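Notes for the structure review
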Amino acid sequence: MSAPWISLSDEVRDALEAGRPVVALESSLIAQGLPAPHNLETARAAEAAVRDQGAIPATSAFVNGRAIVGADAATLERLADPAERPLKAGSRDIGPVIASRALASTTVSAALRVAHVAGIRMMATGGIGGVHRDAARTFDISADIDELAATPVVVVCSGAKAILDLPATMELLESRRVPVVGLGTDELPAFYSRSSGLRLAHVADGPAAAAGIVAAHMAVPGAGGMLLVNPPPEAVAIPAEDVADWIAEAMAAADAEGVRGPAVTPFLLRHVAEASAGRALRANIGLIVDNARAAAEVAVSMRGVS
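Residues numbered from 1 in each chain as written. Predicted model: local features only at pLDDT ≥ 70, side-chain atom pairs only at ≥ 80, totals over all residues. Heavy atoms only, no water.

What follows is about the pattern of salt bridges. If you walk through the whole model with that rule in mind, you get 14 salt bridges. Among the ionic pairs, E11 bridges to R51, the shortest N-O distance being 2.6 Å. You can see E11 sitting in helix α1 (residues 10–18) and its partner R51 sitting in helix α3 (residues 38–52), a full 40 residues away along the chain. By relative accessible area, E11 is classed as partly exposed at 33%. (Salt bridge = Lys/Arg side-chain N within 4 Å of Asp/Glu carboxyl O. Helix = DSSP H or I, 4+ residues; strand = E, 2+ residues; numbered from the N terminus. Buried < 20%, exposed > 50% of the residue type's maximum accessible area, 1.4 Å probe, protein only.)

Rendered as structure tokens:
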């Protein structure tokens, strides 16, 4: 399945036509998520991790009125350049961004939609959006959850971003019928941390087991997406109690400065990165690359599943 507003790179098109594994990657980590030069370096490292496992990376972005799947080096460099002022596009923004012909990165929700239309079933990111901690007052809930519920693409991530209300996010994922499966863990990772205290109902003990679960889920009529959650590597993971202190400080700063809406998540993540003296940034980079590797392993294993 494809659409006239989507352009596949030759490499991605050839891989899909040949039935080879492809892993979709979002690009907001380049344009808005990580500071330079780490943003471009991490994007390239994630693509390399996918290739190392025998799959093809497909980073998406919006350029000149089209969704590019398999963005080239020049596009990645434009997204990383603040002078280009790239927009941040969620799935709700796809039509307006295409019509305006703006340069825009893809968030998880937009990358999910684009991947599905392109015919890609596997995606990797750092962490999804979810229910914000003051959502009862602000109604601030990421579109990632509804997009996952509606779009049959598997996302490998380290859970939801730690700045969110993780118990509420898990409850909403359950309400929206999105399975959450641990990759070698029976506990939801807390993004920077390997432990959240939230137990998972389903566990896959390796890529082959995960591929079997994915195949069974996707065979159910009307199935939407699925989360495969992968703890951050032990070498970069941070104890949950340290992260909790930094998040409390970041939220107080956001309140004091009147930060609202889409600006909240990048503000909080930047504040945590600064407060952690670089530990959070190292963890973020490490888990992004490791999730790309894990997604590629599952995508390769899918070839052996009927």
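Before going further, it helps to spend a moment on the layout of surface pockets. If you add up the space inside the largest pocket, you get close to 800 Å³. What lines the largest pocket is a set of 39 residues, and nearest its centre among them are K88, T107, S142, D144 and T265. Listed by contribution, the elements that provide at least two residues to the lining of the largest pocket are α2 (28–33), β5 (87–89), α6 (108–118), α8 (143–150), α12 (264–275) and α13 (279–301). Counting residues per element, the lining of the largest pocket draws most heavily on α12, which supplies five residues. Of the residues belonging to the lining of the largest pocket, the class tally is 14 nonpolar, 17 polar and eight charged. Volume-wise, the second largest pocket comes out at about 360 Å³. If you trace the second largest pocket, you find 21 residues lining it, with Q32, G33, L34, P35 and R270 closest to the centre. Secondary structure elements with two or more residues in the lining of the second largest pocket: α2, α4 (73–80), α12 and α13. Each residue belonging to the lining of the second largest pocket can be placed in one class, and the counts come to 14 nonpolar, four polar and three charged. (1 Å grid on protein atoms, 1.4 Å probe; cavity = no way out; pocket = protein on both sides within 12 Å on 5 of 7 lines; lining within 4 Å. Points joined across faces, edges and corners; volume = space filled by probe spheres on them. Nonpolar A, V, L, I, M, F, W, Y, C, P; charged D, E, K, R; others polar.)

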